[in-house]
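# Reading the structure
In case you want the letters, here they are:
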Amino acid sequence: MTNQDHRSTEAPAGRVVSRVVMAVVVGWLVVYNIMRISGDNPAQAWRPSLILGGGLGLLVAGGLWWLQRKLAESGRVLVPRVATVSGTLDEQQRDAMQVSVPIMLSAAVAAGITAVAELAQWFGESDRSLGLLVFVIWNLVFAGWMSDEGMRLRGGHAEGLDTVFFGCLLTTVLAGVAFARGVLEPVQVILALVSGAAGIAVGLVVWRLAGGRGITTGPIIAVLVTAATLAIAVLA
């Protein structure tokens, strides 16, 4: 399998949508936590933080996309693709890719089940909070995204896994936030653990495809984020 086999010239539409949603959610989480630290309660903080943080997330995502396009036009690259190895894949790279596939698909299933359960709870609420609906939308997007990337990885297409890694960590953090808000706590713990495991697996693949040199920091970061998320959720 050559370098050309696992690269594509354009990102799939699902990946573009996932990145936009991720930017909105990250912006929302940052502003939400700032408002919570400043003393606002969840009911006061979620709506303005979603509007302000989501808007900032979109601006940042749009700015980065514009900057990447401009740099690409001038022959430079803002962030190099980690999954652009030359020559044939070695045995360790192939093994890391194939081992990661069932873990990624398991994360997709866990996110899909969580989204359905959250949606059922949302329909059962009298006020139908927008915060819960955001969890539903993200988990549905993540489930589709991970299913697509898992099948692509099974076929040897590994481009974009660096973005998938951060998507896994974001899903873990969101599961912790949902747990802290009392939303289907056992289900959120399972989702946090499975998406954290997917982040570990994807981080290992990214490291292998980048040459496997030095310390593999991705899996370590995924373990720390998952542990910290669950600890904060339980102690909150």
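None of these values were measured; they are calculated from a predicted model. (Residues numbered from 1 in each chain as written. Predicted model: local features only at pLDDT ≥ 70, side-chain atom pairs only at ≥ 80, totals over all residues. Heavy atoms only, no water.)

## Description of empty space enclosed by the protein
In total, this model carries one cavity of 30 Å³ or more according to the counting rule given. Estimated volume of the largest cavity: approximately 40 Å³. If you trace the largest cavity, you find it lined by Glu 118, Phe 135, Trp 138, Asn 139, Thr 171, Leu 174, Ala 175, Ala 178, Gln 188 and Leu 191. Of all the secondary structure elements, the ones that give two or more residues to the lining of the largest cavity are α4 (130-154), α5 (161-180) and α6 (185-209). (1 Å grid on protein atoms, 1.4 Å probe; cavity = no way out; pocket = protein on both sides within 12 Å on 5 of 7 lines; lining within 4 Å. Points joined across faces, edges and corners; volume = space filled by probe spheres on them. Helix = DSSP H or I, 4+ residues; strand = E, 2+ residues; numbered from the N terminus.)

## Things to note about α5
Here α5 contains 20 residues, and its C-alpha end-to-end distance of 29 Å stays within 8% of the 28 Å for a straight helix at 1.5 Å per residue. Of all 20 residues that make up α5, 16 are buried, and the element is covered over most of its length. Phi turns positive, to about 80 degrees, at Gly 182, one or two residues after α5. (Expected span 1.5 Å × (residues − 1). Buried < 20%, exposed > 50% of the residue type's maximum accessible area, 1.4 Å probe, protein only.)

## Structural notes on the confidence of the model for the protein
The pLDDT averaged across the protein works out to 78; a share of 74% of its residues lies at or above 70. With pLDDT under 50 throughout, residues 1-10 is counted as low confidence; its partners more than four residues away or in other chains account for 26 contacts. Counted against residues more than four places away or in other chains, residues 77-87, with its pLDDT under 50, gives 28 contacts. (pLDDT = per-residue confidence, 0-100. Contact = heavy atoms within 4.5 Å.)

## Quick notes on the side chain of Glu 118
Examined against the element boundaries, Glu 118 turns out to sit in helix α3 (residues 91-124). Here Asn 139 takes part through its side chain, which lies 3.0 Å from a polar atom of the side chain of Glu 118. Among residues more than four places away in sequence, those in contact with Glu 118 are Leu 132, Phe 135, Val 136, Asn 139, Val 183, Leu 184 and Gln 188. (Polar contact = N/O pair within 3.5 Å; in protein donor to acceptor, adjacent residues only side chain to side chain.)

## Details of the nonpolar core
Ranked by internal contacts, the top residues of the largest apolar core, which has 44 residues, are Trp 138, Phe 142, Met 146, Leu 161 and Val 164. Put simply, the parts of the chain that give this core at least two residues each are α1 (13-37), α3, α4, α5 and α6. Discounting chain neighbours no more than four positions away, the residues touching Met 146 are Met 104, Leu 105, Ala 107, Ala 108, Val 164, Cys 168 and Ala 198. (Core = buried A, V, L, I, M, F, W, Y, C linked by side-chain atoms within 4.5 Å.)

## Quick word on unusual backbone geometry
If a residue is not glycine, its phi is most likely negative; likewise, a peptide bond is most likely trans. Unusually for a residue other than glycine, Leu 184 sits at a positive phi of about 45 degrees. Here Leu 184 is to be found in the loop between α5 and α6. Using a relative accessible area of 23% as the deciding quantity, one classes Leu 184 as partly exposed.

## Quick word on the packing of α3 against α6
α6 packs onto α3 with a crossing angle of 155 degrees between their chain directions and a minimal axis gap of 8 Å. One element, α3, and the other, α6, form an angle in the roughly antiparallel class. Here α3 runs over α6; the crossing is left-handed. Grouping the constituent residues of the contact of α3 with α6 by class yields 16 nonpolar, seven polar and two charged. (Axes fitted to C-alpha atoms, helices over the stretch in contact; angles between N-to-C directions. Parallel < 35°, antiparallel > 145°, perpendicular 65-115°, else oblique. Left-handed = near helix turned anticlockwise from the far one by under 90°. Nonpolar A, V, L, I, M, F, W, Y, C, P; charged D, E, K, R; others polar.)

## Observations regarding the environment of Leu 174
With respect to the helices, strands and loops of the structure, Leu 174 is situated in helix α5. Separated by 39 residues in sequence, Leu 174 and Phe 135 place their C-alpha atoms 7.3 Å apart.

## A few points about a nonpolar patch on the surface
Together, Leu 52, Leu 56 and Leu 59 line one region of the surface with nonpolar side chains, adding up to about 310 Å² of accessible area. Looking at the element boundaries, Leu 56 is found in helix α2 (residues 42-73). (Patch = residues over 30% accessible without salt bridge, like charges linked within 9 Å, V, L, I, M, F, W, Y side chains within 5 Å. Areas by Shrake-Rupley, 256 points an atom, 1.4 Å probe, with all protein chains shown as cover. Salt bridge = Lys/Arg side-chain N within 4 Å of Asp/Glu carboxyl O.)

## Focus: the packing of aromatic side chains
One pass over the full model with this rule turns up four aromatic pairs. Ring centres 5.1 Å apart and planes at 70 degrees place the aromatic pair Trp 122 and Phe 123 in the edge-to-face group. Taking the relative accessible area as the measure of exposure, Phe 123 reaches 47% and is therefore partly exposed. Following the ring pairs from residue to residue traces out a cluster consisting of Trp 138, Phe 142 and Trp 145. (Phe/Tyr/Trp six-rings, centres within 6.5 Å; stacked < 30°, edge-to-face > 60°.)

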